[in-house]
Amino acid sequence: MRVPRRPRGARKPRPPRIPGGSGSTRLPRTVTVPLGFVPGAAAAVALVLSAYGVERAAESSDAQPAARLAPVFHAPRPDIVPRTAWIGDAARDQPPPRYDDQVVAVFIHHTDSPNGYDCADAPGIIRSLYEGQTQGRDWDDLGYNFVVDRCGTVYEGRAGGADRPVTGAHTQGFNHRTAGIAALGTFTEGVEVPDVMLRSIAAVAAWKLGPSGTDPRSDVRLVSSNGGSRYAAGATAVLPAVAGHSDGYMTDCPGAALHARLPEIRDLAARLQGRDAGTGPGRDTGTDTQRVTVEDDARNEELSP
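About the criteria used
- Residues numbered from 1 in each chain as written.
- Predicted model: local features only at pLDDT ≥ 70, side-chain atom pairs only at ≥ 80, totals over all residues.
- Heavy atoms only, no water.
- Helix = DSSP H or I, 4+ residues; strand = E, 2+ residues; numbered from the N terminus.
- Buried < 20%, exposed > 50% of the residue type's maximum accessible area, 1.4 Å probe, protein only.
- Contact = heavy atoms within 4.5 Å.
- Areas by Shrake-Rupley, 256 points an atom, 1.4 Å probe, with all protein chains shown as cover.
- Disulfide = S-S within 2.5 Å.
- Axes fitted to C-alpha atoms, helices over the stretch in contact; angles between N-to-C directions.
- Parallel < 35°, antiparallel > 145°, perpendicular 65-115°, else oblique.
- Left-handed = near helix turned anticlockwise from the far one by under 90°.
- Nonpolar A, V, L, I, M, F, W, Y, C, P; charged D, E, K, R; others polar.
- Core = buried A, V, L, I, M, F, W, Y, C linked by side-chain atoms within 4.5 Å.

Student: Is there a simple way to think about the overall build of the chain in this case?
Tutor: Broken down by element type, the chain carries eight helices and nine strands. Per-residue burial over the chain gives 44% buried out of 305 residues. In the chain, the proportion of contacts linking residues at least 24 apart, taken out of those at least 6 apart, comes to 74%. For the chain, the accessible surface area stands at approximately 16700 Å², while carbon and sulfur atoms represent 52% of it.

Below, the structure is given as structure tokens:
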């Protein structure tokens, strides 16, 4: 007996063998099994919410910012004698230290104290400077973040942690996002500046500027926070990343002899960061001139001359 054939095209399409595949009206087993225990309407809502959650999770993942790359150029931390080595029992009650987010410039100073000292006496000299500033002038602490003696020994100065961006009190108008490094002694015109002292100053500058990606040979833009500086409050100053105190404030500090050696300090600091001596400042790592804007906070401004 012949069985009549159905007309062409009348065959119904078979569902795909892979559950959840293209064109399928069935849910994958991994979805249907959990939903098998949920009443019909609730199952539909749960399915929509599940899909929405997966989509949102994907969007959130895609929206995550790329990890910020660490600055390419870093210098090693130099040996630093801790603050406790010189302050002894001279410490006085003082406000807690304040911090900035980073250091983008350093100011070089001299302490305007005698030069003919034995380096073993440096801790006592620094303590005397501290007492003169905190008791004689009623400052809250030593203004400099670091002090370097003529033998190249680096001392932690202002409290708050040598590794942290402590807001100093060393350059009126420009204490924020900067560090103050003081050469122990007086370096007016004609005075010899020891090479070992220069190398240590450069080492501190290179290390402190490394995390912000600042080339020590570059210029930075700093906004004056106090009209007592060379710039009116709120004015933008273009200053060297390694500057002398006199670049920001009306003073002879750090002395003509030391100021004349700043180009050497900048070049040495750049080399310590691993920068190519033939590469122009600020152009090889994106360390373009940095704009630093801070609120007008004069709490420590009187501490800086």
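Student: When you look at the state of the cysteines in this model, what are you seeing that I'm missing?
Tutor: Such a bond, covalent and formed between the sulfur atoms of two cysteines, is termed a disulfide. Taken as a whole and judged by the stated rule, the model has one disulfide. Covalent S-S linkage joins Cys 119 and Cys 151, the inter-sulfur distance amounting to 1.9 Å. Its S-S torsion of about 90° marks the bond between Cys 119 and Cys 151 as right-handed, since a negative value means left-handed. In this pair, Cys 119 sits in the loop between strand 2 (105-110) and helix 4 (122-136) while Cys 151 sits in the loop between strand 3 (146-148) and strand 4 (154-156), placing the two residues 32 residues apart along the sequence. Using a relative accessible area of 13% as the deciding quantity, one classes Cys 119 as buried. Here Cys 151 falls in the partly exposed class, since its relative accessible area comes to 41%.

Student: Explain the packing of helix 5 (residues 195-209) against helix 8 (residues 262-272) here, please?
Tutor: Pairs of packed helices are described in terms of their axes, by the angle between the two and the distance that separates them. One can describe the packing of helix 5 onto helix 8 by two numbers: an axis separation of 8 Å at closest approach and a directional angle of 55°. The orientation of helix 5 relative to helix 8 falls into the category oblique. Where helix 5 crosses over helix 8, the two elements pack in a sense that is right-handed. For the pair helix 5 and helix 8, the contacting residues are Leu 198, Arg 199, Ile 201, Ala 202, Ala 203 and Ala 206 in the first and Glu 264, Ile 265, Leu 268, Ala 269 and Leu 272 in the second. In terms of residue class, the contact of helix 5 with helix 8 is built from nine nonpolar, no polar and two charged.

Student: Would you take a moment to explain the nonpolar core for this structure?
Tutor: Considering soluble globular proteins, one finds that nonpolar side chains tend to be buried as a cluster. Of all hydrophobic cores here, the largest spans 55 residues; its most connected members are Val 106 and Ile 181. Considering every element that reaches this core, the biggest residue donor is helix 5, with nine residues. Among residues more than four places away in sequence, those in contact with Val 106 are Ala 179, Ile 181, Ala 205, Leu 209, Ala 241, Val 242 and Ala 243.

Shape descriptors only; they carry no functional weight alone.
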